[in-house]
Amino acid sequence: PGATLAEALPRLRATYCGTMAYEVEHIASHEERVWLRQQIESGAHRRPLDRDARIELLDRLIQVESFERFLHKAYLGQKRFSIEGVDLLVPMLDAVIDMAADQGAREVVLGMAHRGRLNVLAHTLGRPYVTIFGEFEGKKADKEGEDTGTGDVKYHHGAEGAFVTRSGRSITVSLAHNPSHLEFVGAVVDGRARARQTQRKAAEAYHDPSAALPVIIHGDAAFAGQGVVQETLNLGALLGYRTGGSIHLITNNQIGFTTDAVDARSTRHASDLAKGFDIPIFHVNADDAEACLAAVRLSMMYRERFRADVLIDLIGYRRHGHNEGDEPAYTQPLMSERIKGHQSARELYAAALVADGIFTAEEAQARYDTAYQHLVEQQQGFKTSISQPKPAEAAPSKIVREDPATAIDRDSLIGLNDLLLAYPEAFTVHPKLKRQLERRRTAMGPEGGIDWGHAESLAFASLLSEGVPIRLTGQDVQRGTFSHRHLVLHDAENGSTLCTMQRLPGALASFEVHNSPLSELATLGFEYGYATAASDALVLWEAQFGDFINGAQVIVDQFIAAGLSKWGVTSRLTLLLPHGHEGQGPEHSSGRLERFLQLAAEGNLRIANCTTAGQYFHLIRRQARRIRQRPLIVFTPKSLLRLPTACSTLDDLANGSFLPVIDDLAARTRGDTVRRAVLCSGKVYYDLVAEAVKRPDHERPAVIRLEQLYSFPETELRQILTGYPSLREVVWCQEEPHNMGAWAFAEPRLRAIMPNEVRLAYVGRPDRASPAEGSHHAHVVEQERIAREAIA
């Protein structure tokens, strides 16, 4: 204030024409724009470092560079995806973690692709150098836990460690495991952070965004090119997904593998996508070490004040090829030549300290040489240790696991049901809906009629009363795609909402239910991340239709199915996928059962396709209570949601447990004469029964249901089939095409347990390129044919 233009110009030039640039004018909030302008022009974030801090920064850059150069020499040609060119990433993460701890965070959750990952593992997560050398040598430095499967390449692994800040605070830092699908980990990181921020020991979850900070490190080409980035950014301000702001950091090396920016994006800057979400963008030159730290300070100040996302565009380069076996000069000869002669960030900063009289050039070089020699000694010691014979280890003791009890006594279920149907006097339930909900009182009587949504509500309420937190998300889950759930009621007169599940007097844990945006990929990634960080909770995600899981296939393939084998990571995440041929066309019929069965191995998943509300009740309770966590895929029905014969009674819930296989009790009474058994799974069972009742008893085959497909219930099924001594033919019947559904999975397993004299046959749709018919008439004809041929 009061300065003339001549007096202000040098400061403005230093602010806006230096190694930092700011994009904030696109932000809709006037308050945010004014605050950012004040911070930027005051230079509050660009305070100079004292002598000790400058030496500390140089030493950090020495660690970063010496590590990369040592690996390049010691393991020539091996892939490591060097950080060189954006070396400041590590000191910037130091600053992020320091400020996060000062702002009250207990944990920082990091996500990044492969470039620079080994350096972050070593220096940010504190992973010992020898464990990384062991990956290059093809040996483990020491046993890091039970071998869980195939493992993964060294630059995909995550880690967790304690980081001690400059002020002496200790804070947990975790790096999420990530496949080569670069940007998909962003949603996972946000989900993990949200889980860490949430207190789940009360009826309603308490969310504290200061408790954990998500930091997502992007590539420039990937940030602009991969749609999951947009989906994840869109979650940022939504009630069920917000984390109080993620720190986004683009490690911009100005090239994607071999592709120049002109072919990689239609925008000027790699960061431009963020403008659509009102995210401030700070560009900074990766050669200016102190400016990079200033960008972090401003970002963390903004996040603390406005609890919103912020992005740093760290503009650097890539010293080597995409990996160290590539020749970058093939495709970017001019850039490659310039980089060869360009000083590193460490060399530039050392020269600045020499110029300021803090070191001599010789002293600065000696610090680098000492760090490099330390790596040499670490490697030599490691090679000596792995050459020594290891003592024999005792065989691990066998762990006996039992399924938990899932039945609930009648009085408790009746009491929970009454509480779920208790509304405040001033709340007006829609008259039509009120009649539907009131039927849930009579359904608890001897005649039964507990439908799918009712059984689910009772399962949830019982778990909450036992202290199990629940989080349910997905498109339209509050009401349910098929208007069957109604967990959140809307007052018919004023539109206010009520969730009685969140008002249970005896609840010992929280219940969250959130309608998701129209996204499968990011939302499922978010819930996967949440579930891996919240082992105490039952986390469920529902697709609007099961087919829509196609839109999240990367999360299914690379994280949910393979995570245990690759990284030793699992969860009790539960996917609810509406499935069944109802004549609604190709995209509303199949949850792609065959894909999950193809991915099922080594006990990585649980896959169920149950046929009654009671079975679903016990399945959900079992999933929440089993000690051995595994993701559960439930192929849920549509027409069965209210089908009277698929409903259950109070006794079904109060007694028994989930049955992996259900025998035909009517056929069992004449088991000695049954010559044919029809095996099926899911909704087609009711089509078969409808056809079977048209036949005389002595002509009817036994219709047996596989409620659990994986792990395949071999013992239970063998025992049931043995009870039919006259059996001569077993038919596998499915409504899915021959090349889809469960047939390809079930056939070899059925043949393995089939007596020699028993023939195995298939009845269902023929091989098809599309899951179902588009014509309802054609669907009815085909459905009738399948049932007729199976029962004949």
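Residues numbered from 1 in each chain as written. Predicted model: local features only at pLDDT ≥ 70, side-chain atom pairs only at ≥ 80, totals over all residues. Heavy atoms only, no water.

**Some details on the overall build of the protein**
Of the regular secondary structure elements, the protein holds 28 helices and 24 strands. Here the C-alpha atoms of the protein give a radius of gyration of 30 Å, agreeing with the 28 Å that 2.2 N^0.38 yields for 792 residues. In terms of its C-alpha atoms, the protein occupies a principal-axis envelope of roughly 100 × 70 × 50 Å. Burial analysis of the protein (792 residues in total) assigns 57% to the buried set. Considering only residue pairs separated by 6 or more positions, the protein has 81% of its internal contacts joining residues 24 or more positions apart. Summed over all atoms, the accessible surface of the protein reaches about 33,100 Å², with 51% contributed by carbon and sulfur. Seen as two clouds, the 88 positive and the 100 negative side-chain charges of the protein have centres 2 Å apart. (Helix = DSSP H or I, 4+ residues; strand = E, 2+ residues; numbered from the N terminus. Rg over C-alpha atoms; globule rule 2.2 N^0.38 Å. Buried < 20%, exposed > 50% of the residue type's maximum accessible area, 1.4 Å probe, protein only. Contact = heavy atoms within 4.5 Å. Areas by Shrake-Rupley, 256 points an atom, 1.4 Å probe, with all protein chains shown as cover. Lys, Arg positive; Asp, Glu negative; His and termini not counted. Charge placed at Lys NZ, Arg CZ, Asp CG, Glu CD.)

**Observations concerning the sheet that holds strand E20 (residues 676–680)**
As summarised here, the arrangement of the five strands in space is E19-E21-E20-E23-E24, forming an open sheet in which the pairing is mixed. Edge positions in the sheet fall to strand E19 (661–662) and strand E24 (759–765), since each has one partner strand and no second. For E20 and strand E21 (residues 702–706), the ladder comprises four bridges, and the chain directions are parallel. Residue pairing in the sheet places Cys-680 in a bridge with Arg-705 of E21. Across the sheet, helix H26 (residues 714–722) touches E19, E20, E21 and strand E23 (729–737), and the angle it forms with E21 is around 175°. Running over the sheet, helix H28 (residues 776–791) touches E20, E21, E23 and E24 and is turned about 165° from E24. (Pairing = 2+ DSSP bridges. Axes fitted to C-alpha atoms, helices over the stretch in contact; angles between N-to-C directions.)

**Structural notes on the packing of helix H3 (residues 51–74) against helix H4 (residues 89–102)**
Any two packed helices are characterised by the angle at which their axes cross and by the distance between the axes. Direction vectors running N to C along H3 and H4 enclose 130°, while the axes themselves pass 9 Å from each other. The angle between the axes of H3 and H4 places the two elements in the oblique class. Taken together, the residues of H4 that come into contact with H3 (itself represented by Leu-57, Arg-60, Leu-61 and Val-64) are Val-90, Pro-91 and Asp-94. Taken together, the residues that form the contact of H3 with H4 break down as five nonpolar, no polar and two charged. (Parallel < 35°, antiparallel > 145°, perpendicular 65-115°, else oblique. Nonpolar A, V, L, I, M, F, W, Y, C, P; charged D, E, K, R; others polar.)

**Some remarks on the packing of aromatic side chains**
Enumeration according to the criterion identifies 25 aromatic pairs in this entry. Ring centres of Trp-743 and Tyr-762 lie 5.3 Å apart, and the angle between their planes is 45°; this geometry places the pair in the tilted category. Residue Trp-743 is found in helix H27 (residues 743–753), and its partner Tyr-762 is found in strand E24; the two are separated by 19 residues along the sequence. The exposure class assigned to Tyr-762 is partly exposed, which follows from its relative accessible area of 21%. Feature note: the residues Phe-67, Phe-70, Tyr-75, Tyr-129, Phe-133, Phe-136, Tyr-368 and Tyr-372 constitute an aromatic cluster, connected by ring pairs. Arg-668 extends its terminal NZ or CZ atom over the ring of Tyr-724, reaching a point 4.2 Å from the ring centre. (Phe/Tyr/Trp six-rings, centres within 6.5 Å; stacked < 30°, edge-to-face > 60°. Lys NZ or Arg CZ within 6 Å of the ring centre and 35° of its normal.)

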